[in-house]
Amino acid sequence: MSALIVPIVFVFLAIVVLFAVVKIVPQGREFTVERFGRYTRTLKPGINILTPFIETVGRRMNMMEQVLDVPTQEVITKDNVSVKVDGIIFIQVMDAAAAAYRVDNLNFAITQLAMTNLRTVVGSMELDEVLSQRDAINSRLLATIDHATSPWGVKATRIEIKDLTPPPDITNAMARQMKAERERRAVITEADGERQAQIARAEGSKQAAILEAEGRKEATFRDAEAREREAEAEAKATAMVSEAIARGDVNAINYFVAQRYVEAFSKLAESPQQKTVIVPADMASLVGTIAGIGELVSTAKAPAPSAPPPAQPAARRSGSAVPRTKG
């Protein structure tokens, strides 16, 4: 029996020595090594060998990024408004030895540092700035805390303000202010829309007036051109009649006079308010003129003779007009 005790004790001691010498460090962790209570080195993730009974593991440090909660606290702003503020801070240990031996209770120290700096930053700003400039607050806090924790071997990666709660009366006042501001914007937008509509209507009226004026100008030009063509035709007709008269054709002048006579007589009865038409007393001359027109048309339809007619038949034809009678 005694022979078995020695091997068992030897195996037990061997196991104890093995656990004291071989240390397995998990990923994301680092262990500090102390020799008689004094820091000597840092163990990285994996299998590490220690000197038995001389070196021991001091601190087990978490090297992964950590999230610390900043408790809610009341902060008085620059314009004497009390707001409740809380947040979160992201940190990562970069130097295990510095984080282990340069500060006691690292997480608590960083939390208190964040709370004090948060009061300092928010207290230097007015309420409107605090509510609208969260990014600026986060940036200032991050720069301050990162600088303060650098000797501890800690890197502050991010700081975020989670909640900003003004007092209820301030919240109600802000709600009324927001409503008034939105109503003001609505009135301005409506007025701007009405102004744009009036401008558009005025612009449309202007374009319509321009187009109407251009239309009148074009119509006037066309009327003038038509009157010019009519005058040219009249002049040409007058010239032709004059030539006919010069050749001794009395029917041409009769036709010309009869045309003017008929036009003047037709205009006499064109008035819509005229109830009485005055008929000329000498109707026989009109009949004679019409007869002359008929003879002129017959002459125009007849084939032209080889020799010009003598002057006496022409005088006879002109003398054969209907005698003038008084009506």
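All of these numbers come straight from a predicted model, not from anything done at the bench.

## Quick word on the pairing of strand β2 (residues 29-35)
- Within β2, five of the seven residues are buried, which leaves it mostly tucked inside the rest of the structure.
- Here six bridges tie β2 to strand β5 (residues 55-62), and the two strands are oriented antiparallel to one another. By the bridge assignment for β5, Phe31 is matched with Arg60.
- In this structure, the hairpin formed by β2 and strand β3 (residues 38-43) is closed by a connection of two residues, where Phe36 is found at a positive phi of approximately 55°.

## A few points about helix α3 (residues 106-123)
- The first and last C-alpha atoms of α3 sit 26 Å apart over 18 residues, in line with the 26 Å expected at 1.5 Å per residue.
- Every buried residue belonging to α3 is among Leu106, Ala109, Ile110, Thr111, Leu113, Ala114, Met115, Asn117, Leu118, Val121 and Val122, and all of these are buried.
- Buried positions along α3 lie against β6 (66-76), β7 (82-93), α2 (96-101), α4 (127-132), α5 (134-149) and β8 (154-165).

## Brief notes about empty space enclosed by the protein
- Counting across every chain of the model gives one cavity of 30 Å³ or more.
- By volume, the largest cavity is sized at about 50 Å³.
- Contributing to the lining of the largest cavity are Val70, Gly87, Ile88, Ala114, Leu118, Leu141, Ile145, Ile159, Glu160 and Ile161.
- Going through the elements one at a time, β7, α3, α5 and β8 are the ones with two or more residues in the lining of the largest cavity.

## Regarding the sheet that holds β8
- Strand order in the open sheet formed by three strands is β6-β7-β8, with antiparallel pairing between adjacent strands. Looking along the sheet, the strands with just one partner apiece sit at the ends: β6 and β8. Direction aside, the axes of adjacent strands within the sheet are offset by 20° on average.
- Against the sheet, α3 touches β6, β7 and β8, its axis set at about 35° to β6.

## Here we look at the confidence of the model for the chain
- Overall, the prediction assigns the chain a mean pLDDT of 79, with 74% of residues at 70 or greater.
- Contacts of residues 304-327 to residues separated by more than four positions or lying in other chains number 14 contacts, the stretch itself having pLDDT below 50.

## Things to note about the nonpolar core
- Membership of the largest hydrophobic core comes to 36 residues, with the highest contact counts inside it found for Ile89, Leu106, Ile110, Ile137 and Val154.
- Elements that contribute at least two residues to this core include exactly β6, β7, α2, α3, α4, α5 and β8.
- Considering each element in turn, this core owes the most residues, nine residues, to α3.
- For Leu106, the residues in contact, after removing those within four places along its chain, are Val93, Ala99, Trp152 and Val154.
- Judged by nonpolar contacts, the second largest core, of six residues, contains Val25, Val33, Leu43 and Leu50.

Reading guide: rules and limits
Note on numbering: residues in each chain are counted from 1, in written sequence order. With the structure being a predicted model, the display of local features is reserved for residues of pLDDT at least 70 and the display and counting of side-chain atom pairs for 80 or more, all residues being used for whole-chain, interface and lining totals. With hydrogens and water stripped out, all remaining heavy atoms of the structure feed into the side-chain values. To sort residues, take the accessible area from a 1.4 Å probe on protein chains only and compare it with the maximum for the residue type: under 20% means buried, over 50% means exposed, and anything in between is partly exposed. For the purposes of this entry, the term helix denotes a DSSP run of H or I that reaches at least four residues, the term strand denotes a run of E that reaches at least two, and both are numbered from the N terminus. Here the rule is simple: two strands pair whenever DSSP picks up at least two bridges between them. For a helix, the expected span equals 1.5 Å multiplied by the number of residues minus one. We call two residues contacting when some pair of their heavy atoms lies within 4.5 Å. Only protein atoms enter the 1 Å grid, on which a cavity is a set of points fitting a 1.4 Å probe that cannot get out and a pocket is an open set with protein on both sides within 12 Å along at least 5 of 7 lines, lining residues being those with an atom within 4 Å of a point. Grid points are joined across faces, edges and corners, and a volume is the space filled by probe spheres set on the points. Each axis is a line fitted through C-alpha atoms, and for a helix only the stretch in contact is used; angles between axes span 0 to 180 degrees, taken between their N-to-C directions. For every residue, the pLDDT score states the predictor's confidence, bounded by 0 at the bottom and 100 at the top. Side-chain atoms within 4.5 Å are what join buried Ala, Val, Leu, Ile, Met, Phe, Trp, Tyr and Cys residues into a set we call a nonpolar core.

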